[in-house]
Amino acid sequence: MISVSNVNLTFETNDGPVNALRDVSLEVNEGDFVSFIGPSGCGKTTLLRVIAALETPTEGKVTVNNMIPDDARKAREYGYVFQAAGLYPWRTVSGNIKLPLEIMGYSASEKEDRTRKVIDLVELNGFEKKFPWQLSGGMQQRASIARALAFDANILLMDEPFGALDEIVRDRLNGELLNLWGRTGKTICFVTHSIPEAVFLSTKIVVMSPRPGRITDIIESPLPNNRDLDIRDSQEFIKIAQRVREGLKAGQTEDVF
Amino acid sequence: MNIFLLLFFIIWLGGWWINVRISNSQNVQLPRFIVPSLFGIVVLLMWELAVIGLQINPILLPAPSAIALKFSRSLDILWIDFVQTLVKGALSGYILGCSAAFLTAIAIDKFNFLKRGLLPLGNFISALPIVGMAPIFVMWFGFDWQSKCAIVVVMVYFPMLVNSVQGLELVDPSRQDLMRTYSASYTQTLIKLRLPSAMPFIFNGLKICSTLALIGAIVAEFFGSPIKGMGFRISSEVGRFALDMVWAEIFVAAVAGCLFYGLIALTEKRITFWHPSQQN
């Protein structure tokens, strides 16, 4: 589905070149829920942006649905959810969800149908006519997810979508996201800096570390696909969380220069 | 002390006392415009009484009643002047100049190399002194309103350009990225994202230019005009010491300016309702 092999990415800045990604390789299979976790500066967002063709790697090969990322972008193969919900304040919730549909030229009736469907999916019924600034942060993020789902791409790229929310809301949205993933069968790439979030959501956890941004560990989760929040107290959960933590620690002390 | 001056102080202190009472009262049912309109009425009354009481020469300061009388007797002339200066000169120049600046801003935004050429040029044009340009434009475009329109175009062009360019530039990067992920075309991004998010800046430009256009059209008439127009009337009536007519023209200009500005501000409120500056 998504294949990243030997990708290097160097940003030229005023303070000299910054090695944002070094020798990153990764396979994402259809239906996977993959989390990228690591401290800031580890390149997790950059990797997601490379997959989305918002950044171009300096070296290496990336394919998304057997296409180069830029073709995948033009074929609208993925939906992207940004850290800041990024809803357009001059549009209502349903207006925001219709935005990609308008750009992609769907018919009026199809726009209505799809909007209704994704509003059901993220449980925003009754808020269609509200403006983003009238909603709580959690609801804004739900609308933003609905917007990414509206055109039914089979890949969902999410860049710390719940990073700005408090833990109670985040727990609930995590549960809802898993539920949504189970029902739609999408392939999801999810950037986070929260260990419990990564372990709870993912079938595959990619642990990354900074300077230069690289992958230190890839963990295939043994947890069942069907999970609820209580699983966080189970032995397996704690074991995986430990392994993630060790991967993060190893990345910190390792001297690469 | 004469009776008029006594009344002057009574009305001053009385009006002051009432306004303070209203401002401090918790009664929310009183309309908001009561305090400013009461203030205006008191100032007018004081002005009237001071002019009569101190027997001020009407050339220095005519009484409001004299101005009102002149105003009501010269409605036809005032209307002709209004149409000549504000509708034909200022409004046409305002619309032409602002649209030209807006279109230039879109061109600058689309072709980056224009930014380095056109912005300094716009800056240069705005630095030209109006008193120098006005006589030249009269030579070029004639005595009638066309030369005033040209002056107004030159005056409003740059502020409008700078505001529009800035508005188009300051688009939230993640919203821009979002449009990229949809593989949206340049025009789609412009219409659905960049123009709406530039609206607060564009309206700032429109508001600044509304007053500039008014000033430009009136002042430009000092440098040559047919025998009508607000600027012409002001300069010729000053020469005849008919200051009441000058004040009447000033009154027309002030009211028209306020209404014009208010209309733009109202439109802004309707279009940029989503912007934090429009929300309480």
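Numbering of residues begins from 1 in every chain and follows the order in which that chain's sequence is written. Chain letters and ligand numbers both follow the written order, the letters beginning at A and the numbers at 1. This being a predicted model, a pLDDT of at least 70 is required before a residue's local features are given, and a value of 80 or more before pairs of side-chain atoms are given or counted; all residues contribute to the totals for chains, interfaces and linings. Neither water nor hydrogens contribute to the side-chain values; these are computed over all heavy atoms in the structure.

**Student:** Quick one: what's the story with the environment of His193(A), residue by residue and with numbers?
**Tutor:** All names here are of chain A. Elements are defined by DSSP. Helices are runs of H or I of four residues or more, strands are runs of E of two residues or more, and each kind is numbered from the N terminus. Turning to its location among the elements, His193 is positioned in the loop between strand S7 (187–192) and helix H7 (195–201). Sequence separation between His193 and Ala143 is 50 residues, and the spatial gap between their C-alpha atoms is 22 Å. We call two residues contacting when some pair of their heavy atoms lies within 4.5 Å. Among residues more than four places away in sequence, those in contact with His193 are Ile37, Gly38, Lys44 and Glu160. Here the side chain of His193 touches Glu160 through a polar contact of 3.2 Å, side chain to side chain. In protein, a polar contact means a hydrogen-donor-capable atom and an acceptor-capable atom, both N or O and within 3.5 Å, with residues adjacent in sequence counting only if both atoms are side-chain atoms; elsewhere, any N or O pair within 3.5 Å suffices.

**Student:** Please set out helix H6 (residues 130–141) of chain B residue by residue, giving values where relevant.
**Tutor:** Residue and element names in this part refer to chain B. Multiplying 1.5 Å by the residue count of a helix minus one yields the expected span of that helix. If you check H6, its first and last C-alpha atoms are 15 Å apart, about what 12 residues at 1.5 Å a residue would give, namely 16 Å. Buried within H6 are the following residues: Met133, Ala134, Phe137 and Val138. Along the axis of H6, the buried residues cluster in a sector spanning 140°; they form a single face. Exposed positions of H6 whose direction lies more than 90 degrees from the buried face are Met139 and Trp140. Against the buried residues of H6 lie helix H7 (145–169) and helix H9 (186–220). At the exit of H6 stands Gly142, carrying a positive phi of roughly 90°. Each residue is placed in one exposure class: buried if its accessible area under a 1.4 Å probe, protein chains only, is under 20% of its type's maximum, exposed if it is over 50%, and partly exposed if it falls in between. Along the arc lie the directions from the helix axis toward the C-beta atoms.

**Student:** Report on the nonpolar core, specifying residues and quantitative values.
**Tutor:** By nonpolar core we mean a set of buried residues, namely Ala, Val, Leu, Ile, Met, Phe, Trp, Tyr and Cys, connected to one another through side-chain atoms within 4.5 Å. Judged by nonpolar contacts, the single largest core of 89 residues is most densely connected at Val4(A), Phe36(A), Leu157(A), Val199(A), Ile205(A) and Val244(A). Once residues lying within four places of it in the same chain are set aside, the contact partners of Val4(A) are Val24(A), Ser25(A), Leu26(A), Leu47(A), Ile51(A), Lys61(A) and Val62(A). Grouped together as the second largest cluster of nonpolar side chains are 37 residues, Met230(B), Met245(B), Ala256(B) and Ile264(B) included.

**Student:** Describe in detail the sheet that holds strand S6 (residues 155–159) of chain A, supporting the description with residues and values.
**Tutor:** All names here are of chain A. One open sheet holds the 6 strands; their spatial order is S5-S6-S7-S3-S8-S9, and the pairing between them is mixed. Pairing within the sheet leaves two strands with one partner each, and these edge strands are strand S5 (78–81) and strand S9 (214–220). Neighbouring strand axes in the sheet, compared pairwise and without regard to direction, differ in orientation by 15° on average. Two strands form a pair only when DSSP identifies at least two bridges running between them. Relative to strand S8 (residues 204–209), strand S3 (residues 33–37) is paired through 4 bridges, and the arrangement is parallel. Bridge pairing in S8 links Phe36 to Val206. Every axis corresponds to a line fitted to the C-alpha atoms, with the helix fit spanning only the stretch in contact, and the corresponding angles, defined between N-to-C directions, vary from 0 to 180 degrees.

**Student:** Residues and numbers for helix H8 (residues 173–181) of chain B, please.
**Tutor:** For H8(B), the complete set of buried residues consists of Ser174(B), Arg175(B), Asp177(B), Leu178(B), Met179(B) and Thr181(B). A positive backbone phi angle near 55° is found at Ser183(B), which sits one or two residues after H8(B).

**Student:** Explain the interface of chain A and chain B residue by residue, including any values.
**Tutor:** In this complex, chain A contributes 25 residues to the contact, which on the side of chain B involves 18 residues. Salt bridge, as used here: a side-chain nitrogen of Lys or Arg that lies within 4 Å of a carboxyl oxygen of Asp or Glu. Taken together, chain A and chain B are joined by 2 salt bridges. Taking the shortest distance from any N to any O, the salt bridge between Asp177(B) and Arg49(A) comes out at 2.8 Å. For the interface between chain A and chain B, the tally reads 9 residue pairs in polar contact (both at pLDDT 80 or more). Among the secondary structure elements, those contributing two or more residues to the side of chain A that touches chain B are helix H2 (69–74), S5 and helix H3 (93–103) of chain A.

Spatial relationships are all this shows, so hold off on functional conclusions.
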